[in-house]
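So the chains spell out like this:
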Amino acid sequence: MKASVKGQKPRLATEIEEDLRTRILAGQPPVGEKLATERALCLTYGVSRTVIREAIAGLRAAGLIESRRGSGLFVRASSVQAPLWQAPMPEMQAEIVAIVDTLELRAAVEIEAAFLAATRASPGQIAQLRSCHQRFAEAVAAGEKTEAADFAFHQAIAEATNNSAYRSFMEYLGKRTIPRSKLGLETTGEPYRAYLVDMQSEHLDILEAIERHRAEDAREAMQAHLLGSLERYRALSQS
């Protein structure tokens, strides 16, 4: 992996993502082949599963890997395509910085919200979460906009904490919770659809952890989901 710069150690997830990216682009493993399991990657890099999940989220967003539920992670045949996250126009820089700031705040709150939801959610609230996830999946399959369904899913998690402050927080953020529509990304191509499919998988990881009342798993799944997004927007802000 890359050496530290000016004595400062890079974020582990970013460092691992860059190392895996280099290997994948060099054909190790080749297109269509399976990536090592999360457990194996944890042992290889000597880090927690949360760190590995953050690194994997970045690789998914770049279109380098895809999830096949029940089978694992595979190198995408489309990995040579242009990445989803392109360098922004200068006028978008302020917007991206604001998005990063909001995501940092969301991460501080929503990671713990997922933990609390897993310990407190009622059967009805879990059913609502599953319904929100299903609406998101249907929107992805139909090629429709997903922002409203995405926000509804996160809002349902806040509801499932049974803490009114979490609900108020999500209401306060509103549309800022789902910022990707502001960036003018190409939303009709395969890279964007693959990004949404991976997001759908991340949502399902969160949902299933809450449904099974596995609080620590819910916290880790939300952390990987949000911090992966945060790293992608940070990279944009530094382009």
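What comes next concerns the included structure. Here the structure is a predicted model, which means the values were calculated and not measured.

Cut-offs and rules
- Residues numbered from 1 in each chain as written.
- Predicted model: local features only at pLDDT ≥ 70, side-chain atom pairs only at ≥ 80, totals over all residues.
- Heavy atoms only, no water.
- Helix = DSSP H or I, 4+ residues; strand = E, 2+ residues; numbered from the N terminus.
- Contact = heavy atoms within 4.5 Å.
- Axes fitted to C-alpha atoms, helices over the stretch in contact; angles between N-to-C directions.
- Parallel < 35°, antiparallel > 145°, perpendicular 65-115°, else oblique.
- Left-handed = near helix turned anticlockwise from the far one by under 90°.
- Buried < 20%, exposed > 50% of the residue type's maximum accessible area, 1.4 Å probe, protein only.
- Polar contact = N/O pair within 3.5 Å; in protein donor to acceptor, adjacent residues only side chain to side chain.

1. Digging into the environment of Ser 67
With respect to the element layout, Ser 67 can be found in strand E1 (residues 65-68). For the pair Ser 67 and Lys 34, spaced 33 residues apart in sequence, the C-alpha to C-alpha distance is 9.8 Å. Not counting the four nearest positions on each side in its chain, Ser 67 is found in contact with Arg 60, Gly 72, Leu 73, Asp 198 and Ser 201.

2. Focus: the packing of helix H4 (residues 93-120) against helix H7 (residues 164-173)
Axes are the key here: two packed helices are described by the angle between their axes and the distance separating the axes. Relative orientation of the contacting elements H4 and H7 amounts to 150°, with a least axis distance of 11 Å. The angle between the axes of H4 and H7 places the two elements in the roughly antiparallel class. With respect to the hand of their crossing, H4 and H7 are arranged in left-handed fashion. The segment H4 lies against H7, with Thr 102, Leu 105, Arg 106, Val 109, Glu 110, Glu 112, Ala 113 and Leu 116 engaging Tyr 166, Phe 169, Met 170 and Leu 173.

3. Describing the side chain of Asp 150
Inspection of the secondary structure puts Asp 150 in helix H6 (residues 147-160). Asp 150 sits in the buried class, given a relative accessible area of 2%. For Asp 150, the side chain forms a polar contact with the side chain of His 203, separated by 3.3 Å. Discounting chain neighbours no more than four positions away, the residues touching Asp 150 are Phe 136, Ile 178, Arg 180, Met 199 and His 203.

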